[in-house]
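# Observations on chain architecture
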Amino acid sequence: FVPERLSEKEFKKRYAEEAVALGLAKDQVVRIYALETGGIGTYEMQAGIHPIKKTGRAISSALGYAQLLDANSVNELAQHGGFFMDRLNEKMRNPNISRARADAIKSKIAILKRMYANAKRVPFEWSRHQSYAKTAEGMGMHTLNIDGDIGPLMQAMKLRGLKDTAEKAGRPRLAGAEMEAMNLAGPATGLEMMQPAGKK
């Protein structure tokens, strides 16, 4: 799989569109973007590498605005691969796109279908996703984050998952900083940090 690369401006636009469509609030999306990357991060930024100077060294597999780890990518695909394909099918049926563009999306759908089937074969456990993410197939799934069609949705969907987790835990109105705590520390730990004992 070779991801389709976009300009930062176009990727960010698509990311914002996907986030809004998923029901995320402006504050939630902007705070994640600003805090994870110091406000200057790019859609393909890897943790530890300065997004503008390109200096430093990778300190983890964390990638993009929401800094998905490689195992997060496997996890997101296993959970939402069908939804990702549905969104690509919607794009492909748009009568305003060129034949070449439709063919490119069709090719992505075929690849995504195979990736989704592979991800579904892995037992749904974080440790298994971590191991699988180190394989060639798992690394291929991680590159979906920088594809112009799949990446914006995948990165926004990661945040939507945090919002859903918080709602199930009785926190229906999650501030951007609270969502960031969940993203940075992990969903369960982030929620614990918001409890009185955690705040102390």
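Please read all numbers here as calculations on a predicted model, not as lab measurements.

Moving on, we get to the overall build of the chain. Helix and strand counts for the chain come out as ten helices and zero strands. For the chain, the succession of helices and strands along the chain, N to C, is α-α-α-α-α-α-α-α-α-α. By the compact-globule yardstick of 16 Å for 200 residues, the chain fits well, its C-alpha radius of gyration being 17 Å. For the chain, the spread of C-alpha atoms along the three principal axes comes to 60 × 35 × 35 Å. Sorting the 200 residues of the chain into buried and exposed places 46% on the buried side. The contacts of the chain with a sequence gap of at least 6 include a subset with a gap of at least 24, amounting to 62%. On the chain, roughly 10,500 Å² of surface is accessible, and the fraction owed to carbon and sulfur atoms is 57%.

Take the nonpolar core next. Soluble globular proteins tend to pack their nonpolar side chains together in the buried interior. Counting 43 residues, the largest nonpolar core has Leu 77, Phe 84, Leu 112, Met 141, Leu 144, Leu 159 and Met 182 as its most contacted members. For this core, the elements supplying multiple residues, two or more each, are helix H1 (8-21), helix H3 (70-92), helix H4 (99-121), helix H5 (126-133), helix H7 (151-168) and helix H8 (176-185).

Counted by the stated rule, this structure contains three aromatic pairs. Measuring from centroid to centroid gives 6.0 Å for Phe 11 and Tyr 65, while their planes differ by 75 degrees, and the two rings are edge-to-face. Placement of the pair is Phe 11 in helix H1 and Tyr 65 in the loop between helix H2 (26-37) and H3, with a sequence separation of 54 residues. Judged on exposure class, the residue Phe 11 and its partner Tyr 65 are both buried.

For the structure shown, the criterion picks out 16 salt bridges. We note a salt bridge from Arg 87 to Glu 18, for which the minimum N-O separation is 2.9 Å. Here Arg 87 is found in helix H3, whereas its partner Glu 18 is found in helix H1, with 69 residues between them in sequence. Accessibility classification places Arg 87 together with Glu 18 in one group, the buried group. Arg 99 is the partner of Asp 103 in a salt bridge, and the nearest nitrogen-oxygen pair spans 3.2 Å. One end of the pair is Asp 103 and the other is Arg 99, both in helix H4 and four residues apart, which spans about a single turn. Classification of Arg 99 as exposed rests on a relative accessible area of 66%. Sharing partners across several salt bridges, the network here consists of Glu 4, Glu 10, Arg 14, Lys 91, Arg 101, Lys 108, Asp 147 and Asp 149.

Rules used throughout
Residues numbered from 1 in each chain as written. Predicted model: local features only at pLDDT ≥ 70, side-chain atom pairs only at ≥ 80, totals over all residues. Heavy atoms only, no water. Helix = DSSP H or I, 4+ residues; strand = E, 2+ residues; numbered from the N terminus. Rg over C-alpha atoms; globule rule 2.2 N^0.38 Å. Buried < 20%, exposed > 50% of the residue type's maximum accessible area, 1.4 Å probe, protein only. Contact = heavy atoms within 4.5 Å. Areas by Shrake-Rupley, 256 points an atom, 1.4 Å probe, with all protein chains shown as cover. Core = buried A, V, L, I, M, F, W, Y, C linked by side-chain atoms within 4.5 Å. Phe/Tyr/Trp six-rings, centres within 6.5 Å; stacked < 30°, edge-to-face > 60°. Salt bridge = Lys/Arg side-chain N within 4 Å of Asp/Glu carboxyl O.

Treat this as a map of the structure, not an account of what it does.
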